[in-house]
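Geometric and topological summary
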Amino acid sequence: MTAPVNPPPWWAPFVPVISLIIVIAGVVQMSGGYLATLKDHTKRIDQLEADARTDAKTRTEMLQQLDLRLARIEVKLEMMAEPKGKAP
């Protein structure tokens, strides 16, 4: 004769719901990781842009100081040189 059929475990009907919850939790966790990475990259880019602006400003100031020094040196050299019209 036929053997009696065992009923499925009590948790079997919940397997699709549990797997869906696990998948959604994984997606949320991965998106949180991506958002954290995006925030970190945004912060780094902002810092690099700020550094570039500071470097450009510093470079401009250094060039201005160099121009002033060169002008002073030129004036001193002109003062030290003999006049062009004088013969030795």
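Further up the page is the structure itself.
So, here is what we can say about the structure in this document. (Residues numbered from 1 in each chain as written. Predicted model: local features only at pLDDT ≥ 70, side-chain atom pairs only at ≥ 80, totals over all residues. Heavy atoms only, no water.)

1. Things to note about the overall build of the chain
A count of helices and strands for the chain gives 1 helix and 0 strands. Its C-alpha atoms give the chain a radius of gyration of 39 Å, more than 25% over the compact-globule value 12 Å for 88 residues. In terms of overall dimensions, the chain has C-alpha extents of about 140 × 20 × 10 Å along its principal axes. Looking at the chain as a whole, 0% of its 88 residues are labelled buried. Total accessible area computed for the chain in this model is approximately 8,800 Å², and 68% of it derives from carbon and sulfur atoms. Across the chain, the centroid of the 11 positively charged side chains sits 3 Å from that of the 10 negatively charged ones. (Helix = DSSP H or I, 4+ residues; strand = E, 2+ residues; numbered from the N terminus. Rg over C-alpha atoms; globule rule 2.2 N^0.38 Å. Buried < 20%, exposed > 50% of the residue type's maximum accessible area, 1.4 Å probe, protein only. Areas by Shrake-Rupley, 256 points an atom, 1.4 Å probe, with all protein chains shown as cover. Lys, Arg positive; Asp, Glu negative; His and termini not counted. Charge placed at Lys NZ, Arg CZ, Asp CG, Glu CD.)

2. Structural notes on the pattern of salt bridges
Inspection of every chain in the model, using the stated rule, returns 1 salt bridge. Linking Arg44 and Asp40 is a salt bridge whose minimum nitrogen-to-oxygen distance equals 3.4 Å. Separated by 4 residues within a single helix, Arg44 and Asp40 lie in helix α1 (residues 15–80), roughly one turn from each other. (Salt bridge = Lys/Arg side-chain N within 4 Å of Asp/Glu carboxyl O.)

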